[in-house]
Structures are given as structure tokens and as C-alpha cells.
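A structural walkthrough
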Amino acid sequence: MGVLTYTDERTSPVLPARIFKASIVDSPNLMPKLLPEAVKSIEFIKGDGGAGSIKQINYAEGFTKHHIDEIDENALTYKYTLIEGNGISDKIKKVSYDIKFETSPNGGSIAKMTTTIYTHCDFEIKEDELKAGKEKMLGLYKVFEAYLINNPDAYV
């Protein structure tokens, strides 16, 4: 099995607790509202959203299942593993994400994400595929950020 790990860091003018609550804690409610053409529904098929839960995201085209490894609303950390659906194939076994939100020096936030991709055998992921995945995550982050900027009383 091959393993590829990379990290990303994003800054935002939104406070870390607000973006954590909106994008992580309340994502089952908020994400389908913000992206109705792409995300049809989000449901917990096991658990209530805490560690050990399995969350299924139903897209217009396909689905994903996430195993929640850890969620800490005080430390603003979230760890989950993509275990089934879009993104998992005969080449990719699973993808783990470790996300942490911190306060930035300018009063906004810094989101730090470590992504670990576990591949079957020695399959190598092409740089353009990695870039496409990163851009998708950034786009999602920007949707939540824009919502919070435009709704300053939400998730305070």
C-alpha cells in the first residue's frame, strides 16, 4: 500500500469558532442549503455526529461516506476518513483528513488540513489530480466563508 500525505493552509477573515461550527458541526444542515445543485442531503447512518459516527453525503452524482475519527469543538479540530463512495476506487483505499482551525494574528482564522491518501499497491496519484482535489476543497471552504461574511450574526 502506498501513502501520500500533503498539507494545506487557508486564511480567512472569519473567526475560527464560527467557521468550525458552520462547516463542520452544522454541515449536515448548512451544506445542502448552500450547494443545493451539488449536495442533496447529509445524514448520519451510524451515530450522532461524534467520534465513531458515519456520515453519508448524497451528491447529485454519487455519494461519500465519512468515518468521523475525532471531533473537538473546544480545540476546533476534526479528523475524518473517506471510506466509501466518490473518491474511493480500486486504486485508492481511503483518504484521511486532519483539520484544525486557529486564530490568525489579524483576528480571522487559519485552517490547517493534512490529507493522507492510502492507495492500493504502488499506485501514484498525478499532480493534476491532486490539484483538482485541492481546488474542490478550497471552493467548498470559500462557500462557507462567503456565507459567514454575508451573515455576520450566523454561528456566533
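Structural notes, computed from the coordinates. (Residues numbered from 1 in each chain as written. Predicted model: local features only at pLDDT ≥ 70, side-chain atom pairs only at ≥ 80, totals over all residues. Heavy atoms only, no water.)

Examining the side chain of Arg18
The criterion, for reference: The secondary structure listing takes helices from DSSP runs of H or I that are at least 4 residues long and strands from runs of E that are at least 2 residues long, numbered from the N terminus. Three labels apply to residues, based on accessible area from a 1.4 Å probe with only protein chains included: buried if under 20% of the type maximum, exposed if over 50%, partly exposed otherwise in between. Under the convention used here, Asp and Glu are negative, Lys and Arg are positive, and both His and the chain ends fall outside the count. Take a side-chain nitrogen of Lys or Arg and a carboxyl oxygen of Asp or Glu: if they are within 4 Å of each other, that pair is a salt bridge.
Along the chain, Arg18 falls in helix H1 (residues 16–25). Buried and unpaired, Arg18 has no salt bridge, with Asp153 as the nearest side chain of opposite charge at 7.2 Å.

Some points on helix H3 (residues 127–150)
Cut-off, in case you're wondering: Here a helix's expected span is defined as the number of its residues, less one, multiplied by 1.5 Å. In what follows, a contact means two residues having at least one pair of non-hydrogen atoms within 4.5 Å.
For H3, with 24 residues, the first-to-last C-alpha span of 34 Å sits near the 34 Å given by 1.5 Å per residue. Inspection of H3 places Leu130, Tyr141, Phe144, Glu145 and Leu148 among the buried residues, and these make up the whole buried set. On its buried face, H3 sits against strand E1 (2–12), H1, helix H2 (27–34), strand E6 (92–103) and strand E7 (109–119).

Points about the pattern of salt bridges
Enumeration according to the criterion identifies 5 salt bridges in this entry. Across the pair Glu102 and Lys112 runs a salt bridge, and its minimum N-O distance is 3.1 Å. Taken as a pair, Glu102 in strand E6 and Lys112 in strand E7 lie far apart in primary sequence, 10 residues in all. Here Glu145 ties to Lys142 by a salt bridge, and the two come within 3.4 Å at their closest N and O atoms. Here the residue Glu145 and the residue Lys142 both occupy positions in helix H3, the gap between them amounting to 3 residues, near one helical turn. Classification of Glu145 as buried rests on a relative accessible area of 8%. One continuous salt-bridge network, built from bridges that share partners, spans Glu70, Lys79 and Asp98.

Thoughts on the packing of aromatic side chains
Quick note on the threshold: Put simply, two rings from Phe, Tyr or Trp (the six-membered ring, in Trp's case) pair if the centres are within 6.5 Å, and we call them stacked under 30 degrees between planes, edge-to-face over 60, tilted for the rest.
Here the structure, examined in full by the defined rule, presents 3 aromatic pairs. Ring centres 5.9 Å apart and planes at 80° place the aromatic pair Phe20 and Phe101 in the edge-to-face group. Separated by 81 residues along the polypeptide, Phe20 in helix H1 and Phe101 in strand E6 bring together distant segments of the chain. Exposure remark for Phe101: the relative accessible area of 4% places this residue in the buried category. Of the aromatic side chains, those joined through ring pairs into one cluster are Tyr78, Tyr80 and Tyr97.

These results come straight from atomic positions and should not be treated as a statement about function.
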